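Spelled out, the chains give:
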Amino acid sequence: MKAPKTNCQGIVVLQKACIHCILGICIFVSSIHECSAVNAFYKSPKCIGFQNEMDPDSVIPSSRFRHELGLSLGTTSGYGLGYRLWSGRIGGQIVGAPFKNTVISAYNVGMTFLYYLVRTNIFQFLLYQSNQYISSNEYFSNNLYPVSRYYGSSFRNRYWSHGIGMGFEIYRPVEKANPLGITFMTGLGSYRDFTAANLTAEISVMYKFSHR
């Protein structure tokens, strides 16, 4: 005669499952503790479960190096020497330069607002809104004298141009001490005080030179 079945086997399985759960919780807690120790030592890693994710401010050049200096050329962002400053996801850029020859003397000032959407250690995707002010004097000669500011007539031109669009920046890998970044941006723009509209093209080469 067979002995009646009991729930002993189910109880054993349940006990093993509980033991595995307890062990898993212990490993989870210990991993958090270890990552907290690493975080205190390096002041950068963050721990979520078993994943040790580096702080973006410690691995991404555009986060570590807030200040940038370089050259910029754009249809609505300006041309010349440029300075860029980042504060979190928001950045600002100022560009300006004079220009002069025998026919024209001019200067331009550009101010661009930046907002990055995606950022890695070698690349970032961003949005921008640009503004450029241009002031120029053009000189025209008459039949008796060559082109000169003292003879003939002159024409003064002052206007604003604006642009909005998106772009991306690529820079040297994170292991480089001072990354060099190249930014390409394009979008839609209005020119000469909203009297014309066309596509925009902006490019800049910036040297990231300061930590935080």
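Residues numbered from 1 in each chain as written. Predicted model: local features only at pLDDT ≥ 70, side-chain atom pairs only at ≥ 80, totals over all residues. Heavy atoms only, no water.

1. Regarding the overall build of the protein
Right, so step 1: Counting its secondary structure elements, the protein contains 3 helices and 10 strands.
Right, so step 2: Moving toward the C terminus, one meets the helices and strands of the protein in the order α-β-β-α-α-β-β-β-β-β-β-β-β.
Right, so step 3: Counting all 212 residues of the protein, 32% fall into the buried class.
Right, so step 4: Considering only contacts within the protein whose residues lie at least 6 apart along the sequence, 53% involve residues at least 24 apart.
Right, so step 5: Surface accessibility of the protein: about 13,700 Å² in total, with carbon and sulfur atoms responsible for 67%. (Helix = DSSP H or I, 4+ residues; strand = E, 2+ residues; numbered from the N terminus. Buried < 20%, exposed > 50% of the residue type's maximum accessible area, 1.4 Å probe, protein only. Contact = heavy atoms within 4.5 Å. Areas by Shrake-Rupley, 256 points an atom, 1.4 Å probe, with all protein chains shown as cover.)

2. Let's talk about the confidence of the model for the protein
Interpretation of this model should avoid reading the predicted coordinates in detail wherever pLDDT is low.
Right, so step 1: Averaged over all residues, the pLDDT of the protein is 75; the fraction at 70 or higher stands at 59%.
Right, so step 2: Averaged pLDDT values over the elements of the protein bottom out at 38 in strand S2 (residues 51–54) and peak at 95 in strand S9 (residues 180–191). (pLDDT = per-residue confidence, 0-100.)

3. Focus: the nonpolar core
Right, so step 1: Trp86, Leu114, Tyr116, Leu126, Tyr128 and Met185 form the largest nonpolar core, which has 6 residues in total.
Right, so step 2: For this core, the secondary structure elements donating two or more residues are strand S6 (104–119) and strand S7 (123–140).
Right, so step 3: In contact with Met185, other than residues within four places in its own chain, are Leu114, Leu126, Tyr128, Met166, Gly167, Thr200, Ala201 and Glu202. (Core = buried A, V, L, I, M, F, W, Y, C linked by side-chain atoms within 4.5 Å.)

4. Observations regarding the environment of Gly96
Right, so step 1: As for its position among the elements, Gly96 is in strand S5 (residues 90–100).
Right, so step 2: By relative accessible area, Gly96 is classed as partly exposed at 28%.
Right, so step 3: The spacing of Gly96 and Tyr83 is 13 residues in sequence and 9.4 Å in space, taken between C-alpha atoms.
Right, so step 4: In this structure, Gly96 is in contact with Tyr79, Gly80, Leu81, Asn108 and Val109, ignoring residues within four places of it in sequence.

5. Overview of the environment of Phe168
Right, so step 1: As for its placement among the helices and strands, Phe168 is situated in strand S8 (residues 153–171).
Right, so step 2: Between the C-alpha atoms of Phe168 and Leu126, which are 42 residues apart in sequence, the distance is 5.7 Å.

6. Some words on the side chain of Asn108
Right, so step 1: Among the structural elements, Asn108 can be located in strand S6.
Right, so step 2: Note on Asn108: relative accessible area 1%, which makes it buried.
Right, so step 3: At 3.1 Å, the side chain of Asn108 and the backbone oxygen of Ala97 are in polar contact.
Right, so step 4: Separated by 3.3 Å, the side chains of Asn108 and Gln132 make a polar contact. (Polar contact = N/O pair within 3.5 Å; in protein donor to acceptor, adjacent residues only side chain to side chain.)

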